[in-house]
Amino acid sequence: MKLKRMNTTEIRYRQATPADAMALAELINFAGEGLPLYLWERMAEPGESAWDVGRRRARRDEGAFSYRNAVVAERGGRVVAGLVTYRVAEEPEVIDAETPGIFVPLLELENRVPGSWYVNVLAVYPLHRGRGLGGTLLEIAAEQARENGSRGESIIVSDANTGARRLYERSGYRFVDQRPMVKDDWENPGENWVLLAK
């Protein structure tokens, strides 16, 4: 995919690289409302911080959360926003009985939109919000979906994140389904994960 050279206040959109791992970890944590950091704390090896886990996972060549699936927006050489996308499997995947409960509602919702182009992460650093970066990244996701012959686009958002949901709905996403969040001891004001698609 050829990324547009948008020159809105010198913003450049480009494919992410392993060097963007820290920014990608921070952005997925924004998008996931703290859930990624909560999970990384539990995955950390001895001597490793939660952020180390996030960086390690972002640098992987494979997996949903990988720099290979990411586009970043940068201004003045610094990453200010990011997008992570991938295609949902054509057939709903069986959810393993050993899957931690916190993931089950998210996987159930992904299974409702087989073959769609899934926006796993869409996040903008707080100082750069309100400048149209999220909308432009959603346009990039739509272009990726067309190029990959996907059956529409999908995204999951917390029902408490009304600002993000408004952005997605302005971009043509509509309600499909929802599932109650499983929180364990993760703190979040939301009650449900909401699946939107177009």
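The structure presented is a predicted model; accordingly, all values stated were derived computationally and were not measured. (Residues numbered from 1 in each chain as written. Predicted model: local features only at pLDDT ≥ 70, side-chain atom pairs only at ≥ 80, totals over all residues. Heavy atoms only, no water.)

Colleague: Help me get a handle on helix H6 (residues 162-170), residues and values and all.
Modeller: Residues Ala164, Leu167 and Tyr168 constitute the buried set of H6. Down the axis of H6, the sector holding all buried residues measures 95°, keeping them to one side. Each element contacted by the buried residues of H6 is listed here: strand S4 (117-124), helix H5 (133-147), strand S5 (153-158) and strand S7 (192-197). Note on H6: the residue one or two positions beyond its end, Gly172, has a positive phi of about 105°. (Buried < 20%, exposed > 50% of the residue type's maximum accessible area, 1.4 Å probe, protein only. Helix = DSSP H or I, 4+ residues; strand = E, 2+ residues; numbered from the N terminus. Arc of directions from axis to C-beta. Contact = heavy atoms within 4.5 Å.)

Colleague: Lay out the sheet that holds strand S3 (residues 78-87) in plain terms, naming residues and giving numbers.
Modeller: Taken in spatial order, the 7 strands line up as S1-S2-S3-S4-S5-S7-S6 in an open sheet, and their pairing is mixed. With one partner strand each, in any of the chains shown, strand S1 (11-15) and strand S6 (174-180) form the two edges of the open sheet. Averaged over neighbouring strand pairs, the angle between their axes works out to 25° when direction is ignored. Strands in contact with H6 are S4, S5, S6 and S7; relative to S5, the strand with the most contacts, it is inclined by about 160°. (Pairing = 2+ DSSP bridges. Axes fitted to C-alpha atoms, helices over the stretch in contact; angles between N-to-C directions.)

Colleague: Any details on the side chain of Thr85? Residues and values, ideally.
Modeller: If you trace the backbone, Thr85 turns up in strand S3. Residue classification places Thr85 among the buried residues on the basis of a relative accessible area of 3%. Reaching out from Thr85, the side chain makes a polar contact with the side chain of Trp117 at a distance of 3.3 Å. Apart from the residues lying within four places of it in its own chain, the contact partners of Thr85 are Asn69, Trp117, Tyr118, Val119, Asn120, Ala141 and Gln144. (Polar contact = N/O pair within 3.5 Å; in protein donor to acceptor, adjacent residues only side chain to side chain.)

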